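Architecture and fold: a report
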Amino acid sequence: MIAYLLLFGAWGTVQPDEPLPTPGELIRVAVPQLTDMREAGGEWPYEGVYRVAGEIPIGYRVGGTAIVGTTLLLAGSRDERATADAIQQALGFVLRGLDHPLMATSTENAYDVRVWGHAFALEFLCRVRAAGCASERLHSVNEWIGRLVEILIAEQIADGGWNYANHRQQATFVTAPVTQVLLLARAQGEKVPDEILARARRALEKSRTNSGAFVYSGFARQDDHDAGHAASGDPRAKVPGAIARSPACEATLMLLGGGSAEAVQAALDAFFEHWDELEKRRRQPGTHAGAYGIAPYYFYYGHRYAAQAIELLPASARPHERQRLLEFILRTRDGDGTWNDRVFPRSRNFGTAMIVLALLGERTPLPPRVVVQAQEPETQPASAP
């Protein structure tokens, strides 16, 4: 471990005359660092500015722990006791956290981050079940997977997506990952109706502007004939302000039977071209600020989903794009081999986990595809029992 830190821990910027470390080398340094970030009770809480009664909300604690658990499951060797123990501790915390009263189904029109916990907990539990490492907790894992699917279906907004800031209109950077975890659960036999996915596809399609960017929330177009000018006054809807979420949205549309490889490539090109605008907000205080209303927490979110989008390109294009992303990833790597996009030390676990998922490339499995026709919402989804 010390040797790897000495060899590769000093990469904060890319030196043109030195060979780049490989993704595998970077992962081998980062995974032990992630396990060491574990807090009491086996959790890796995500920390932002939002608090509930002065404390980090349970949705962030469950969601952050689930993201790290998924990362360790995909990146670490389960033959290594430290990694295996960390995965089991994450599983225990997530299952306990889901029983918290503030993790119950909610469609209240209020700022509430529990949807992040619901979504990433569902992904983690599906990955655990697929890996066969639930052990004596298998019954609880199966039960909670079914319940979380019902919860997310109930929490879908009438316009077809999901949001944490309100329950009036969808937010694209929430809709994309939630849709993806429902695709994963459906591939494992869970009941996710076509109409839920069709509404999500329609919501994302109506959120793309005529420049190819995706609006932050609501829609860019009201119908198929609208060129997407409705959000032109919002700086977050301009291409530089949307580069972190556009690859996620384009990837999700392809997984739903829409979109195109050309649109994915355009989103990736915009990500790299305007990356400096994203970098201006990394480790800065506040949330939506600057010329394009960018919040720091989009930084590594954007890298993780850019990596996913690369895997949806034609095979011949992927090596070049992976290398291009690697060079950008190395620009913000800390000396200890981790990544953090916030002013909070604790959020280092989230940044590092998202980058490891990006570095895994094709080893981070894509959610299975399903073709659904975009559908206008008719009624609010029924509440889960």
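Throughout, a residue's number is its position along its own chain's written sequence, starting from 1. With pLDDT at 70 or above as the cut-off, local features in this predicted model cover only qualifying residues; side-chain atom pairs require 80 or more to be listed or tallied, and sums for whole chains, interfaces and linings still use all residues. Neither water nor hydrogens contribute to the side-chain values; these are computed over all heavy atoms in the structure.

**So, the overall build of the protein chain**
- Going along the chain from the N terminus, every DSSP run of H or I of four or more residues is numbered as a helix, and every run of E of two or more is numbered as a strand. Along the backbone of the protein chain there are 15 helices and zero strands.
- When each of the 385 residues of the protein chain is scored for burial, the buried share is 58%.
- The accessible surface values rely on the Shrake-Rupley method and a 1.4 Å probe; as for residues, cover is taken only from the protein chains in view. Summed over its atoms, the accessible surface of the protein chain is roughly 15000 Å², and 50% of this surface lies on carbon and sulfur atoms. Burial status follows relative accessibility: with a 1.4 Å probe on protein chains alone, a residue under 20% of its type maximum counts as buried, one over 50% as exposed, and anything between as partly exposed.

**Remarks on the packing of aromatic side chains**
- Aromatic pairs are defined between Phe, Tyr and Trp rings, using the six-membered ring for Trp, whenever the two ring centres lie within 6.5 Å; interplanar angles under 30 degrees are classed as stacked, those over 60 as edge-to-face, and all others as tilted. Taken as a whole and assessed by the stated rule, the structure comprises 20 aromatic pairs.
- With a centroid separation of 6.3 Å and an interplanar angle of 45 degrees, the aromatic rings of Trp-116 and Tyr-164 are classed as tilted. Here Tyr-164 lies in the loop between helix H6 (138–155) and helix H7 (172–187) and Trp-116 lies in helix H5 (residues 114–131), a separation of 48 residues in the sequence.
- A centroid spacing of 5.7 Å and a plane angle of 55 degrees characterise the contact between Trp-275 and Phe-299, whose relative ring orientation is tilted. Here Phe-299 lies in helix H13 (residues 299–310) and Trp-275 lies in helix H12 (residues 275–279), a separation of 24 residues in the sequence.

**Brief notes about the pattern of salt bridges**
- Within this document, salt bridges are pairs made up of a side-chain nitrogen of Lys or Arg and a carboxyl oxygen of Asp or Glu, the two lying within 4 Å of each other. For the structure shown, the criterion picks out 18 salt bridges.
- Across the pair Arg-346 and Glu-39 runs a salt bridge, and its minimum N-O distance is 2.7 Å. Taken together, the residues Arg-346 in the loop between helix H14 (318–331) and helix H15 (348–360) and Glu-39 in the loop between helix H2 (23–36) and helix H3 (58–75) connect sequence positions 307 residues apart.
- Two residues, Arg-114 and Asp-112, come together in a salt bridge whose shortest N-O distance is 2.8 Å.
- The network of salt bridges with shared partners includes Glu-39, Glu-47, Arg-51 and Arg-346.

**Comments concerning the nonpolar core**
- Take the buried Ala, Val, Leu, Ile, Met, Phe, Trp, Tyr and Cys residues and link them wherever side-chain atoms come within 4.5 Å; each set so joined is a nonpolar core. In terms of nonpolar packing, the biggest core is built from 116 residues, with Leu-122, Leu-125, Phe-173 and Leu-182 touching the most fellow members.
- A contact between two residues is defined here by any heavy atoms of the two lying within 4.5 Å. Once residues within four sequence positions are removed from consideration, Leu-125 is found in contact with Leu-91, Val-94, Leu-95, Leu-98, Val-141, Trp-144, Ile-145 and Leu-148.

**Topic: unusual backbone geometry**
- Phi at Ala-53 is positive, roughly 55 degrees, even though this residue is not glycine.
- Its place among the elements puts Ala-53 in the loop between H2 and H3.
- Despite not being glycine, Arg-283 shows a phi value in the positive range, around 60 degrees.
- Position of Arg-283 relative to the elements: it lies in the loop between H12 and H13.

**Things to note about the packing of helix H8 (residues 194–205) against helix H10 (residues 246–255)**
- At a minimum axis distance of 10 Å, the contact between H8 and H10 shows a crossing angle of 140 degrees. Considered as vectors, H8 and H10 are oriented oblique to each other. As H8 runs across H10, the sense of the crossing is left-handed. From H8, Arg-201, Leu-204 and Glu-205 reach across to H10, where they touch Cys-249, Thr-252 and Leu-253.
- Under the grouping applied here, Gly and all other residues not named as nonpolar or charged are polar, the nonpolar ones being Ala, Val, Leu, Ile, Met, Phe, Trp, Tyr, Cys and Pro and the charged ones Asp, Glu, Lys and Arg. Looking at the contact of H8 with H10 residue by residue, the classes come out as three nonpolar, one polar and two charged. For helices, the axis comes from a line fit to the C-alpha atoms of the stretch in contact; other axes are also lines fit to C-alpha atoms, and the angle between any two N-to-C directions lies between 0 and 180 degrees. Angle categories are assigned with fixed cut-offs, so that under 35 degrees is roughly parallel, over 145 is roughly antiparallel, 65 to 115 is roughly perpendicular, and the rest are oblique. Left-handed is the label given to a crossing in which the near helix is rotated counterclockwise from the far helix by less than a right angle, and right-handed is the label when the rotation is clockwise.

**Focus: the packing of H2 against H15**
- Two numbers describe how H2 lies on H15: the axes approach to 10 Å, and their chain directions differ by 150 degrees. As judged from the angle between their axes, H2 and H15 are roughly antiparallel. The handedness of the crossing between H2 and H15 comes out as left-handed. Of H15, the residues touching H2 (which contributes Pro-23, Leu-26, Ile-27, Ala-30, Gln-33 and Leu-34) are Arg-348, Asn-349, Thr-352, Ala-353, Val-356, Leu-359 and Leu-360.
- Here the contact of H2 with H15 is built from residues that sort into nine nonpolar, three polar and one charged.

**Remarks on the environment of Met-354**
- As for its placement among the helices and strands, Met-354 is situated in helix H15.
- With a relative accessible area of 2%, Met-354 lands in the buried category.
- For the pair Met-354 and Tyr-300, spaced 54 residues apart in sequence, the C-alpha to C-alpha distance is 6.1 Å.

**Some thoughts on the environment of Arg-281**
- Here Arg-281 is to be found in the loop between H12 and H13.
- Between the alpha carbons of Arg-281 and Phe-299 there is a distance of 8.1 Å; along the sequence they are 18 residues apart.
- If sequence neighbours within four positions are ignored, Arg-281 has contacts with Gly-286, Thr-287, Ala-289, Ile-294 and Pro-296.
- A polar atom in the side chain of Arg-281 sits 3.2 Å from the backbone oxygen of Pro-285. Side-chain atoms alone can form a polar contact between residues adjacent in sequence; in general such a contact is a pair of N or O atoms within 3.5 Å, and within protein one must be able to donate a hydrogen while the other accepts it.

**Points about H13**
- Between the first and last C-alpha of H13 there are 17 Å, a value that for 12 residues agrees with the 16 Å anticipated at 1.5 Å per step.
- Counting buried positions along H13 yields 12 of 12 residues, so the element is predominantly enclosed.
- Every buried residue of H13 is listed here: Phe-299, Tyr-300, Tyr-301, Gly-302, His-303, Arg-304, Tyr-305, Ala-306, Ala-307, Gln-308, Ala-309 and Ile-310. Every helix has an expected span of 1.5 Å times one less than the residues it contains.

**Looking at H6**
- Taking 1.5 Å per residue as the helical rise, H6 with its 18 residues ought to reach 26 Å, and the 25 Å between its terminal C-alpha atoms agrees with that figure.
- Taken as a whole, H6 has its buried residues at Val-141, Trp-144, Ile-145, Gly-146, Leu-148, Val-149, Ile-151, Leu-152, Ile-153, Ala-154 and Glu-155.
- Taken together, the buried residues of H6 touch helix H4 (81–98), H5, H7 and H8.

**Concerning the confidence of the model for the protein chain**
- Of all residues in the protein chain, 89% attain a pLDDT of 70 or more, and the chain-wide mean is 91.
- Residue-level confidence of the predictor is summarised by pLDDT, bounded by 0 at the bottom and 100 at the top. Counted against residues more than four places away or in other chains, residues 1–14, with its pLDDT under 50, gives 35 contacts.
- This stretch, residues 379–385, has a pLDDT under 50; its non-local contacts, to residues over four places away or in other chains, come to 16 contacts.

**Some remarks on the environment of Leu-72**
- For Leu-72, the location among the structural elements is in helix H3.
- Spatially, the C-alpha atoms of Leu-72 and Ala-90 are 9.7 Å apart, while their sequence positions differ by 18 residues.
- In this view, Leu-72 contacts Val-31, Leu-34, Thr-35, Trp-44, Thr-83, Ala-86 and Ile-87; residues no more than four positions away in its chain are not counted.

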